[in-house]
Amino acid sequence: AWSFFKLLDADGGGCVEAEEFFEGCLRFRGQARAVEVGKVLQDQQWLIRSQSKFQSFVAEELNSLQLRFSGLVDLISATSPSMSRIHGNDD
């Protein structure tokens, strides 16, 4: 039921006004046409591809940050004897 009311809430205000309710019911009456179903499938495929690209981008950025952070820790450890002791690198 919640999903249906989200569909009826045309302005995204979190509340379904009487006009939105009636217009939404009219919009969703009857069977879905093949074109509408095709459009939904196309939109879903686009979303999946976009999400996949975004996940790859985030993974690459996190790997880059991890390498940079590791290098920074190594640099600090090499220049500060107290940092070496903190990280267990007693020489």
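Residues numbered from 1 in each chain as written. Predicted model: local features only at pLDDT ≥ 70, side-chain atom pairs only at ≥ 80, totals over all residues. Heavy atoms only, no water.

Novice: Explanation requested: the overall build of the protein in the structure shown.
Specialist: Within the protein, the regular secondary structure consists of four helices and zero strands. For the protein, the N- to C-terminal ordering of α and β elements is α-α-α-α. Looking at the protein as a whole, 8% of its 91 residues qualify as buried. Of the roughly 8,200 Å² that the protein leaves accessible, carbon and sulfur atoms contribute 60%. (Helix = DSSP H or I, 4+ residues; strand = E, 2+ residues; numbered from the N terminus. Buried < 20%, exposed > 50% of the residue type's maximum accessible area, 1.4 Å probe, protein only. Areas by Shrake-Rupley, 256 points an atom, 1.4 Å probe, with all protein chains shown as cover.)

Novice: Where do I start with the side chain of Glu20 in this structure?
Specialist: With respect to the helices and strands, Glu20 occurs in helix H2 (residues 18-27). Those residues in contact with Glu20 that sit more than four places away from it in its chain are Leu8, Asp9, Ala10, Asp11 and Cys15. (Contact = heavy atoms within 4.5 Å.)

Novice: So what exactly am I meant to see when it comes to the layout of surface pockets here?
Specialist: Over the atoms, a rolling probe the size of a water molecule traces out where space has been left empty. Put simply, the largest pocket is a space of about 160 Å³. Arg27, Phe28, Arg29, Gly30, Gln31, Ala32 and Glu36 are the residues that line the largest pocket. (1 Å grid on protein atoms, 1.4 Å probe; cavity = no way out; pocket = protein on both sides within 12 Å on 5 of 7 lines; lining within 4 Å. Points joined across faces, edges and corners; volume = space filled by probe spheres on them.)

Novice: When you look at the packing of aromatic side chains in this model, what are you seeing that I'm missing?
Specialist: Geometrically, a pair of aromatic rings is defined through the distance of the ring centres and the angle of the planes. Considering all chains together, one arrives at one aromatic pair under this definition. Measuring from centroid to centroid gives 5.7 Å for Phe21 and Phe22, while their planes differ by 75 degrees, and the two rings are edge-to-face. Residue classification places Phe22 among the exposed positions, given a relative accessible area of 55%. (Phe/Tyr/Trp six-rings, centres within 6.5 Å; stacked < 30°, edge-to-face > 60°.)

Novice: Looking at this structure, I do not really get a negative patch on the surface. What am I missing?
Specialist: Negative charge collects at one region of the surface, where Asp11, Glu17, Glu19 and Glu23 lie side by side. Its location among the elements puts Glu17 in the loop between helix H1 (2-8) and H2. (Patch = residues over 30% accessible without salt bridge, like charges linked within 9 Å, V, L, I, M, F, W, Y side chains within 5 Å. Salt bridge = Lys/Arg side-chain N within 4 Å of Asp/Glu carboxyl O. Lys, Arg positive; Asp, Glu negative; His and termini not counted. Charge placed at Lys NZ, Arg CZ, Asp CG, Glu CD.)

Novice: Which parts of the structure should I look at to understand the pattern of salt bridges?
Specialist: When the charged atoms of two side chains lie near each other, side chains of opposite charge can form a pair. Considering all chains together, one arrives at one salt bridge under this definition. Linking Asp43 and Lys39 is a salt bridge whose minimum nitrogen-to-oxygen distance equals 2.9 Å. In this pair, Asp43 and Lys39 are both assigned in helix H3 (residues 34-79), four residues apart and thus about one turn of the helix distant.

Novice: For this particular structure, what's the right way to read the side chain of Asp9?
Specialist: By the element assignment, Asp9 lies in the loop between H1 and H2. Dropping the residues within four chain positions of it, Asp9 is found in contact with Gly14, Cys15, Val16 and Glu20.

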